[in-house]
Each structure stands twice: as C-alpha cells, then as structure tokens.
Amino acid sequence: ETLTMREMAPEEYRSFMTDVARTGKLATVRAGGRPHVAPIWFDMDGDALIFMTYEKSVKGKNILRDGRVSICVDDDKPPFSFVVVEGQAEILSPSPEEFLEWSTRIGGRYMGPDQAEAFGRRNAVPGELLLRVQPTKIIARHGVAD
C-alpha cells in the first residue's frame, strides 16, 4: 500500500496554522549549543508567526543571544499532519497599544473571546518580548499515516 502523505498548499498551511489553536513547540539554541524546546501560543501575521515570552525565561534568554528558531505545530489525530517553520526570531518594539492588541489576540485564540482581554492585559507587561518569525523554510505535510 502506498502512503499518500503530501505537501500542504500555501492556503492549507495558513488554514492549518490558524483554524485550530494548536500549541507550537519552539526550539531554541542554548548557550552551549544544546537544543531547548518549549510550548508556545502563537498567532499569524501573513506567513509570519507572532508569539510572546518572558525575557528571563530559558527561551527568551536563548533568543536574545541567538535568534535561530524552529517551531513545530502538529495535529495529533489520524491521519496526522504537521508544519515545521524555521527562521530568525525578530524582537519587535511595538507601541503599548500594538503590544496589547497582539497579546489579546493570542490569549483569545487559546482561551476564548471571553478571556482574551484578561490574558492580553496579564501578558502585555514589561519584561515580555513580542517576537516575529518570518519563515526561511516551511515543511508542511498532511496525511502522515494515510
């Protein structure tokens, strides 16, 4: 039997990344070169991923030192699909209003519209970093177990 795993088209990629609030798994590089993986909540701006982290977290410190990242987002139900995005994390310098807007959008995606504002205000605070990853490589596959 032939496997029918296939590459996602660009519109499928965007839909996969935004239609369901799946947790991303962010890989960063530790000072000694070891990988570090941590879950993140994210949203999209075109093909770019937007997420937040505390500057003193392991992932935050890693990104401040070396912005190379890889993010895996997967559907863990058959027939299984996944997207891996590689890129350079860019630390944004938003206005307080833009920061709150992104924080609220991301919080709302995962916690629902009724809790979006509370999560937005909780996370749009000093010490939090707002980051953008413009993909340099995207691997997007559908039907891994087909």
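This text follows the structure it describes.
Everything numeric in this text was worked out from a predicted model, so none of it was measured.

1. What to know about the packing of aromatic side chains
One pass over the structure, following the stated rule, counts 2 aromatic pairs. Centre to centre, the rings of Trp41 and Tyr110 are 4.9 Å apart; their planes meet at 5°, and the pair counts as stacked. You can see Trp41 sitting in the loop between strand E3 (35-40) and strand E4 (42-45) and its partner Tyr110 sitting in helix H3 (residues 96-111), a full 69 residues away along the chain. Residue classification places Trp41 among the partly exposed positions, given a relative accessible area of 30%. Residue Tyr110 is classed as buried on the basis of its relative accessible area, which comes to 16%.

2. Quick look at the environment of Asn62
Its place among the elements puts Asn62 in helix H2 (residues 58-65). Considering only alpha carbons, one finds Asn62 and Ala89, 27 residues apart in sequence, at a separation of 10 Å. What Asn62 contacts, discounting residues up to four positions off in sequence, is Thr28, Val29, Arg30, Ala31 and His36.

3. Points about the layout of surface pockets
The volume enclosed by the largest pocket comes to roughly 270 Å³. Lining the largest pocket are 16 residues, and of these Trp41, Met52, Ile106, Asn123 and Glu128 lie nearest its centre. Listed by contribution, the elements that provide at least two residues to the lining of the largest pocket are E3, strand E5 (48-54), H3 and helix H4 (113-123). For the lining of the largest pocket, the element with the most residues is E5, which contributes 4 residues.

4. Things to note about H3
With 16 residues, H3 should reach 22 Å at 1.5 Å per residue; the first-to-last C-alpha distance of 22 Å fits that figure. Of the residues making up H3, those classed as buried are Phe99, Trp102, Ser103, Ile106, Gly107, Gly108, Arg109 and Tyr110. Summarising the contacts, the buried residues of H3 are in contact with helix H1 (10-18), E3, E4, E5, H4 and strand E8 (128-142). In the stretch just after H3, Gly112 is the one whose phi turns positive, near 95°.

5. What about the nonpolar core?
Counting residues in each nonpolar core, the largest one holds 28 residues, and the members touching the most others are Met17, Phe42, Leu49 and Phe51. Contributions of two or more residues to this core are made by H1, E4, E5, strand E6 (68-75), strand E7 (81-91), H3 and E8. Broken down by element, this core gets its largest block of residues, 5 residues, from E8. If we ignore the near neighbours within four places in the chain, the residues touching Phe42 are Met17, Arg22, Thr23, Gly24, Leu49, Ile50, Phe51, Val73, Ile106, Arg109 and Tyr110.

6. What about the pattern of salt bridges?
For the structure shown, the criterion picks out 10 salt bridges. As a salt-bridge pair, Asp74 and Lys25 come within 2.9 Å of each other at their nearest N and O atoms. Here the residue Asp74 occupies a position in strand E6, and Lys25 occupies one in strand E2 (residues 24-29), the gap between them amounting to 49 residues. What makes Asp74 partly exposed here is its relative accessible area of 29%. One salt bridge connects Arg132 with Asp45, and the closest N-O pair in it is separated by 2.7 Å.

7. A few points about H2
Listing the buried residues of H2 in full gives Lys59, Gly60, Asn62 and Ile63. Relative to the axis of H2, the buried residues are bounded by an arc of 165° and lie together on one face. Next to the buried residues of H2 lie E2, E3, E5, E6, E7 and E8.

Reading the values: the criteria
- Residues numbered from 1 in each chain as written.
- Predicted model: local features only at pLDDT ≥ 70, side-chain atom pairs only at ≥ 80, totals over all residues.
- Heavy atoms only, no water.
- Phe/Tyr/Trp six-rings, centres within 6.5 Å; stacked < 30°, edge-to-face > 60°.
- Helix = DSSP H or I, 4+ residues; strand = E, 2+ residues; numbered from the N terminus.
- Buried < 20%, exposed > 50% of the residue type's maximum accessible area, 1.4 Å probe, protein only.
- Contact = heavy atoms within 4.5 Å.
- 1 Å grid on protein atoms, 1.4 Å probe; cavity = no way out; pocket = protein on both sides within 12 Å on 5 of 7 lines; lining within 4 Å.
- Points joined across faces, edges and corners; volume = space filled by probe spheres on them.
- Expected span 1.5 Å × (residues − 1).
- Core = buried A, V, L, I, M, F, W, Y, C linked by side-chain atoms within 4.5 Å.
- Salt bridge = Lys/Arg side-chain N within 4 Å of Asp/Glu carboxyl O.
- Arc of directions from axis to C-beta.

Read these as spatial facts, not as claims about activity.
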